[in-house]
Number of protein chains: 4
Amino acid sequence: MQIQKEDIRENIIETSKLLFFEKGYIKTKISDISKKSGIPVGNIYNYFDSKDSIFYTCIENTLKIIDKWFLEQEKKKNMILDFHSELILKELDDMIDFIINNKVEINLIFNISYGTNFEYIPEKILKRYFEVGKNQMSLMNYKNNNYNISNFILKQLISLYFRVLVEVTSNDYSKEEIKNILKELINFLYSGSYGLLKDLKIYH
Amino acid sequence: MQIQKEDIRENIIETSKLLFFEKGYIKTKISDISKKSGIPVGNIYNYFDSKDSIFYTCIENTLKIIDKWFLEQEKKKNMILDFHSELILKELDDMIDFIINNKVEINLIFNISYGTNFEYIPEKILKRYFEVGKNQMSLMNYKNNNYNISNFILKQLISLYFRVLVEVTSNDYSKEEIKNILKELINFLYSGSYGLLKDLKIYH
Amino acid sequence: MQIQKEDIRENIIETSKLLFFEKGYIKTKISDISKKSGIPVGNIYNYFDSKDSIFYTCIENTLKIIDKWFLEQEKKKNMILDFHSELILKELDDMIDFIINNKVEINLIFNISYGTNFEYIPEKILKRYFEVGKNQMSLMNYKNNNYNISNFILKQLISLYFRVLVEVTSNDYSKEEIKNILKELINFLYSGSYGLLKDLKIYH
Amino acid sequence: MQIQKEDIRENIIETSKLLFFEKGYIKTKISDISKKSGIPVGNIYNYFDSKDSIFYTCIENTLKIIDKWFLEQEKKKNMILDFHSELILKELDDMIDFIINNKVEINLIFNISYGTNFEYIPEKILKRYFEVGKNQMSLMNYKNNNYNISNFILKQLISLYFRVLVEVTSNDYSKEEIKNILKELINFLYSGSYGLLKDLKIYH
DNA sequence: CATGAATGAGCCTTCATTCAT
DNA sequence: CATGAATGAAGGCTCATTCAT
């Protein structure tokens, strides 16, 4: 009895990830994937319905993890983030692991979706994350109501955050380096936001 | 007659800018440009050698201005930026004008170059801008040597800056609003950077 | 100024008609049409959206004439056909001309639509013609109520009629020969129907 | 074991018949047959050389019966058909049984052969049947020499006959209904032919 | 120069048949 | 024999670019 081999499926996906990552979706031809993976064109279509579904499978797991993360944030809706807490430190570690393990996929989602049916996804994620950030802001204002940051800048900072995630994964940094970079980023974001307190602004 | 020809050339470029901006480079067909501009396909090729050269012409002027700006920065190599100085304020105003007048083009350069021969340009600009920032940092360190920011984060902040430029121009903000946003951004960047001073860090 | 040439359009259609007629729709490749007509594949698609629309254009005019004929029948709803009348004789002549001028097209409609989006058309035409025949039957019954023919056989006779039209056009008969054949057919159908009168049947 | 193999062969054929009948030969994929029958694609090719040979096997038996019938007609070459004779009535019953038992196959032969190597068969059968009919006509003329029917119409009537056979089996008629329809048809053909006697014609 | 049809290489996808297990 | 994955030659259609008028 012959079965669809998980390693072939894996081969197609891993090859596709690399090619999409290198050349983008549109410029990656099915025949490229076939040549590089050694799997004949026709057989690729035994494992996937279309080029688009190959792309989706490339990012599927990562999307699910992101989704789960959002659901967890929903639960912690009313907690104020304390950057020194053990919890946050633990989460940061998890986040770094996630990023390291999903380097290419994060890139595909945020940089390479042009030409696919999933171009809308980055925007959707950013919006959702924006709501999380927005909520956090209002909690902080509850205690200290001179806190003030425009939606526009908030959105940009979130975008920056994801962009850093993408970038930090495009290079061959060690886990330690990545950790340092993210810590630095968080320090930056934290004090940057602090600087937007009304009475500390440089420009008025 | 010369004027009429210039009109056609201009028409092609303006139409192309809008279409590239809306749909991206690859998904914009020459026939789309022809249809929207009213200029027959064949005649477009009397003015431009290729789709690629149309794209390049779309961003050419903006690239030149950016280039000029870099040359000016070279001259001010040894001056420390003072965010409260008249000079900086004047420059900010100029920058905002530049951005408003080059909304679409900036977007094309940083977001839409996929599929063209100019995909490398955003990276080149960022690197160059990075050198400017790097130099500024070292000047500041000369006075205050506990200042410290990693290359990675510096690059990201520059990227953020450009990204904000792009975003702020993708929406229909008034000049005043744009000014406020950029001020907020500068406040943020300034105090964020300040937070990276060694002895102020949250995480160590 | 260059314009789409009617002769090229005509060439594509005429070539397609012949190839569809010879080999059927599915076995006729766009490249076959291209080769036989001398028109490059790409240019065919300047004139038609798809293989299917080429097929439709092949039968379009003939369908319209058939449609018009049905509308005329609607008007004559309450007239009993008299096979000796001048009117019918005139109509027969018209019908023959129509058939001679639409040989291939009639074949395409009734024989060659497999694989197109127009497979349903022959059935539709037969049903419509069936209603016309049904109506005529009921008029005749009004005068002579022992007249009786089953829906099944009526449908078959109509089908036969169209089939004769198709066949008579697949060969190189002269107008005179076609006329004789159709007259013979009508004689046959007439007396055959007469034979179904209740009291004349062979089998009971 | 031998029995089991025969079962598989039978299963493939029966499944193929239904699918060919529903969707036509070309639109029926080997994988469709595999899915519906539950027999793996590879194993189908253990029993048949090609899709074409599957089709041929579908119609093989029916073709043989038709062939046998022709051979019998050869023997009765000089007998005039008497529609009231016991013999004919017996034959009609046999014919109906044959049709009922070969519904799908007759359809495959006359309607579904497009795309196979057996497209020529319907024509061959009609021609052969035509010779039988022709011979019968000349026998009848021997007794009554004003009998006259053109080759063309004769061929069409034969075609009609087969077509009715096909149609009558495409629906879910009971044996009794089928019998009635065929009787009606024979009445029709008989009196229709009678109407072609020279001196009874409507048109001259 | 203006016009838009002509050109054809190339892409995604299909599917009968083969073949390794 | 049984299984279903492997194979690869087409087919319909696209579109940047060229070219005849």
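Numbering of residues begins from 1 in every chain and follows the order in which that chain's sequence is written. Written order decides the labels, with chains lettered from A and ligands numbered from 1. Only residues with pLDDT of at least 70 are given local features in this predicted model, and only at 80 or more are side-chain atom pairs given and counted; all residues enter the totals for whole chains, interfaces and linings. Processing note: side-chain calculations cover all non-hydrogen atoms of the structure and skip hydrogens and water entirely.

(A) Quick peek at the packing of aromatic side chains. Two rings from Phe, Tyr or Trp (for Trp, the six-membered ring) form a pair when their centres sit within 6.5 Å of each other. Planes less than 30 degrees apart are called stacked, planes more than 60 degrees apart edge-to-face, and all others tilted. Tallied over the entire structure, the rule returns 43 aromatic pairs over all chains. Note on Y173(C) and F152(D): the rings are 5.5 Å apart at their centroids and 80° apart in plane angle, and the pair reads as edge-to-face. Here the residue Y173(C) occupies a position in the loop between α8 (151-170) and α9 (175-194), and F152(D) occupies one in helix α8 (residues 151-170), the pair thus bridging two chains. Each residue is assigned to one of three classes by its accessible area relative to the maximum for its type, calculated with a 1.4 Å probe on protein chains only: buried under 20%, partly exposed between the two thresholds, exposed over 50%. On the basis of relative accessible area, Y173(C) is assigned to the partly exposed category, the value being 30%. The secondary structure listing takes helices from DSSP runs of H or I that are at least 4 residues long and strands from runs of E that are at least 2 residues long, numbered from the N terminus.

(B) Inspection of the interface of chain D and chain C at higher detail. Across the contact, 44 residues belong to chain D and 43 residues belong to chain C. Throughout, buried area stands for the accessible area (probe radius 1.4 Å) lost by two parts on being put together, summed over both. For the chain D and chain C pair, buried surface summed over both sides reaches about 3,800 Å², with 69% attributable to carbon and sulfur atoms. What counts as a salt bridge is simple: a side-chain nitrogen of Lys or Arg found within 4 Å of a carboxyl oxygen of Asp or Glu. Joining chain D to chain C, the criterion identifies 2 salt bridges. A salt bridge links K27(D) to E119(C); the shortest N-O distance between them is 2.8 Å. Elements supplying a minimum of two residues to the side of chain D that touches chain C: α5 (86-101), α8 and α9 (175-195) of chain D. Element by element, the count of residues in the side of chain D that touches chain C is highest for α9(D), at 13 residues. Throughout, the ten residues Ala, Val, Leu, Ile, Met, Phe, Trp, Tyr, Cys and Pro are labelled nonpolar, Asp, Glu, Lys and Arg are labelled charged, and all others, Gly among them, are labelled polar. Class assignment of the residues belonging to the side of chain D that touches chain C gives a composition of 23 nonpolar, 13 polar and 8 charged. Contacts are assigned to residue pairs that have any heavy atoms within 4.5 Å of one another.

(C) Representation of helix α4 (residues 51-75) of chain A in the model. Residues and elements named next belong to chain A. For a helix, the expected span equals 1.5 Å multiplied by the number of residues minus one. Here α4 contains 25 residues, and its C-alpha end-to-end distance of 37 Å stays within 8% of the 36 Å for a straight helix at 1.5 Å per residue. Within α4, the axis deviates most sharply at E60, by approximately 45°. Three or more residues of α4 are buried, namely K51, D52, I54, F55, T57, C58, I59, T62, L63, I66, F70 and Q73. Note that the bend at a residue is defined as the angle between axes fitted to the seven residues ending at it and the seven residues starting at it.

(D) Spatial organisation of the environment of I26(D). Looking at the secondary structure, you find I26(D) in the loop between α1 (2-23) and α2 (30-37). Distance from I26(D) to I112(D), taken between C-alpha atoms, is 9.1 Å for residues 86 residues apart in sequence. Non-local contacts of I26(D), meaning those with residues more than four positions away in its chain, are made with I26(C), Y114(C), K51(D), Y114(D) and G115(D).

(E) Examining the UniProt feature "domain: HTH tetR-type" (unreviewed entry) in chain A more closely. Those places that UniProt annotates as "domain: HTH tetR-type" (unreviewed entry) correspond, in this numbering, to residues 6-66 of chain A. This span, residues 6-66 of chain A, is 80% helix and 0% strand, and a straight line between its end C-alpha atoms measures 24 Å. UniProt positions are given in the numbering used here, feature names are shortened, and annotations may be inferred rather than shown by experiment.

(F) Here's a closer look at the interface of chain B and chain A. Taken together, the 43 residues of chain B in the interface contact 44 residues of chain A. Here chain B is connected to chain A by 2 salt bridges. Throughout this description, a polar contact denotes any pair of N or O atoms lying within 3.5 Å of each other; where both atoms belong to protein, one of them has to be capable of donating a hydrogen while the other can accept it, and for residues adjacent in sequence the pair is counted only when both atoms sit in side chains. Put simply, chain B and chain A have 13 residue pairs in polar contact (both at pLDDT 80 or more) between them. Those elements that provide at least two residues to the side of chain B that touches chain A are α5 (86-101), α8 (151-170) and α9 (175-195) of chain B. Top element by residues in the side of chain B that touches chain A is α9(B). It accounts for 13 residues.

(G) Broad picture of the relation of the copies chain B and chain A. With an RMSD of 0.3 Å, chain B superimposes on chain A once it is rotated by 178° and translated 0.1 Å along the axis. What we have between these two chains is a two-fold relation. In terms of C-alpha distance to the rotation axis, chain B has G192(B) as its closest residue, with the C-alpha 1.8 Å off the axis. A share of 100% of the interface residues of chain B reappears at the interface of chain A, consistent with the copies meeting face to face through the same patch. When the copies are overlaid, the least-squares fit takes in C-alpha atoms only where the residue has pLDDT of at least 70 in both copies.

(H) How the structure looks around the UniProt feature "DNA-binding region" (unreviewed entry) in chain A. Feature annotation in UniProt assigns "DNA-binding region" (unreviewed entry) to the following positions: residues 29-48 of chain A. Helix makes up 75% of residues 29-48 of chain A and strand 0%, and the two end C-alpha atoms of the span are 14 Å apart.

(I) Local environment of helix α5 (residues 86-101) of chain A. Residues and elements named next belong to chain A. End to end, α5 covers 23 Å across 16 residues, agreeing with the expected 22 Å (1.5 Å per residue, within 8%). All of the buried residues in α5 are I88, L92, M95, I96, F98 and I99. The buried residues of α5 occupy one face: seen down the axis, they fall within an arc of 160°. Facing away from the buried side of α5 by over 90 degrees, the exposed positions are E86 and N101. On its buried face, α5 sits against α4, α6 (103-111), α8 (151-170) and α9 (175-195). Note that the arc is computed from the directions linking the helix axis to the C-beta atoms.

(J) Just the domain arrangement of chain A, in detail. Residue and element names in this part refer to chain A. Domain boundaries shown here were taken from an automatic or database domain assignment. Along its sequence, chain A is carved into domain 1 (1-48) and domain 2 (61-200). Across the domain 1 to domain 2 interface the summed buried area is about 720 Å²; carbon plus sulfur atoms make up 81%. On the domain 1 side of the contact with domain 2, K17, F21 and Y25 bury the most area, a combined 71% of that side's loss. Summed over the shared surface of domain 1 and domain 2, the number is 1 salt bridge. Between K17 and E105 there is a salt bridge; the shortest N-O distance is 2.6 Å. Linking domain 1 with domain 2 are 1 residue pair in polar contact (both at pLDDT 80 or more), by the criterion used here. Residues of the side of domain 1 that touches domain 2, tallied by class, amount to 4 nonpolar, 1 polar and 1 charged.

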